[in-house]
Amino acid sequence: MRPLDVMWVGLGGGAGSLLRWQIGRVVGERYHGGFPLGTFIINVSGAFVIGYLSVLFSVDWRDRFGAPLNAGVLTGILGGYTTFSSMQLDALKLSDAQRSVTAIAYLVGSVIAGLLAAAGGAGLARLQG
């Protein structure tokens with residue numbers, strides 16, 4: 001690991017976190033329902049983009065941390081953008097509010113939608129050649 005790689009991951013992570021914060025804020029201003037829509041949109045869109053870029057960059061899942069572009073974009077930006085921990089917290093809050101069915105649906109739906117989005121992004125990149 002080189003200092004330049006650390007810098008790219010750090011800068012990318014900061015940029016991704018700021019983007020997540022901004023999208024979450026905008027969604028929160030417009031949507032006031034009982035479903036954590038902002039986190040859902042962020043995680044599913046991040047899955048789509050990482051699926052797309054991993055094919056575009058020919059990234060092997062075992063070595064997606066090596067190249068500076070991969071480290072900065074896939075690990076940094078998209079790692080800072082997507083948020084597994086917020087998804088878990090959202091589900092806990094739903095469960096604590098006696099909305100366990102919604103919490104389970106949210107978790108299962110997030111995983112399925114994320115997998116489909118990643119596959120869709122990868123498929124789109126393959127179609128574009």
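Note that the coordinates shown come from a computational prediction; the quantities given were computed from them, not determined experimentally.

Conventions we followed
Residues numbered from 1 in each chain as written. Predicted model: local features only at pLDDT ≥ 70, side-chain atom pairs only at ≥ 80, totals over all residues. Heavy atoms only, no water. Axes fitted to C-alpha atoms, helices over the stretch in contact; angles between N-to-C directions. Helix = DSSP H or I, 4+ residues; strand = E, 2+ residues; numbered from the N terminus. Parallel < 35°, antiparallel > 145°, perpendicular 65-115°, else oblique. Left-handed = near helix turned anticlockwise from the far one by under 90°. Nonpolar A, V, L, I, M, F, W, Y, C, P; charged D, E, K, R; others polar. Expected span 1.5 Å × (residues − 1). Buried < 20%, exposed > 50% of the residue type's maximum accessible area, 1.4 Å probe, protein only. Contact = heavy atoms within 4.5 Å. Arc of directions from axis to C-beta. UniProt positions renumbered as here; feature names shortened; annotations may be inferred. Core = buried A, V, L, I, M, F, W, Y, C linked by side-chain atoms within 4.5 Å.

### Digging into the packing of helix 2 (residues 37-56) against helix 5 (residues 100-128)
Part 1 of the reasoning: Running from N to C, helix 2 and helix 5 cross one another at 30°; their axes reach a closest spacing of 7 Å. Relative to helix 5, the element helix 2 is oriented roughly parallel. As for the relative orientation of helix 2 and helix 5, their crossing is right-handed in sense.
Part 2 of the reasoning: Grouping the amino acids of the contact of helix 2 with helix 5 by side-chain chemistry returns 14 nonpolar, eight polar and one charged.

### Overview of helix 5
Think of an α-helix as 3.6 residues a turn; residues three or four steps apart then line up on the same face.
Part 1 of the reasoning: Spanning 29 residues, helix 5 covers 41 Å between terminal C-alpha atoms, matching the ideal 42 Å at 1.5 Å per step.
Part 2 of the reasoning: Of all the residues in helix 5, the buried ones are Ala103, Tyr106, Ser110, Ala113, Gly114, Ala117, Gly121, Ala122 and Ala125.
Part 3 of the reasoning: In this fold, the buried residues of helix 5 make contact with helix 2 and helix 4 (84-96).
Part 4 of the reasoning: Looking one or two residues beyond helix 5, the residue adopting positive phi is Gly129, at roughly 75°.

### Structural notes on the side chain of Thr83
Part 1 of the reasoning: Tracing the sequence through the fold places Thr83 in the loop between helix 3 (68-81) and helix 4.
Part 2 of the reasoning: Take Thr83: its relative accessible area is 4%, and that puts it in the buried class.
Part 3 of the reasoning: Excluding residues within four positions of it along the chain, Thr83 makes contact with Arg20, Thr39 and Asn43.

### A few points about the environment of Ser86
Part 1 of the reasoning: The topology assignment puts Ser86 in helix 4.
Part 2 of the reasoning: Along the sequence, Ser86 and Phe40 sit 46 residues apart, while their C-alpha atoms lie 9.7 Å from each other.

### Examining helix 4
Part 1 of the reasoning: Taking 1.5 Å of rise per residue, 13 residues should cover 18 Å, and helix 4 covers 18 Å from first to last C-alpha, within 8% of that figure.
Part 2 of the reasoning: Those residues of helix 4 not exposed but buried are Met87, Asp90, Ala91 and Leu94. Seen from one end, helix 4 has its buried residues packed into an arc of 95°, which puts them on one side. When the buried face of helix 4 is taken as reference, the exposed residues oriented beyond 90 degrees from it are Ser85, Lys93 and Asp96.
Part 3 of the reasoning: As for helix 4, its buried residues are in contact with helix 2 and helix 5.

### Focus on the UniProt feature "binding site: Na(+)" (unreviewed entry) in the protein chain
Part 1 of the reasoning: The UniProt record annotates "binding site: Na(+)" (unreviewed entry) at Gly79 and Thr82.
Part 2 of the reasoning: Residue placement: Gly79 occurs in helix 3.
Part 3 of the reasoning: A relative accessible area of 25% places Thr82 in the partly exposed class.
Part 4 of the reasoning: For Thr82, the residues in contact, after removing those within four places along its chain, are Arg20, Ile42, Asn43 and Gly46.

### Re the UniProt feature "transmembrane region" (unreviewed entry) in the protein chain
Part 1 of the reasoning: Sites flagged by UniProt as "transmembrane region" (unreviewed entry) map to residues 35-59, 65-84 and 104-125.
Part 2 of the reasoning: The distance from the first to the last C-alpha atom of residues 35-59 is 34 Å, and the span holds 80% helix and 0% strand.
Part 3 of the reasoning: Along residues 104-125 one finds 100% helix and 0% strand; the C-alpha atoms at either end are 32 Å apart.

### Some points on the nonpolar core
Part 1 of the reasoning: One finds Ile42, Leu53, Val59, Val73, Leu74, Leu78 and Tyr81 forming the largest nonpolar core, which totals seven residues.
Part 2 of the reasoning: Contributions of two or more residues to this core are made by helix 2 and helix 3.
Part 3 of the reasoning: For this core, the element with the highest residue contribution is helix 3, accounting for four residues.
Part 4 of the reasoning: Discounting chain neighbours no more than four positions away, the residues touching Leu78 are Gly46, Val49, Ile50, Leu53 and Val73.
Part 5 of the reasoning: Judged by nonpolar contacts, the second largest core, of five residues, contains Met87, Ala91, Ala103 and Tyr106.

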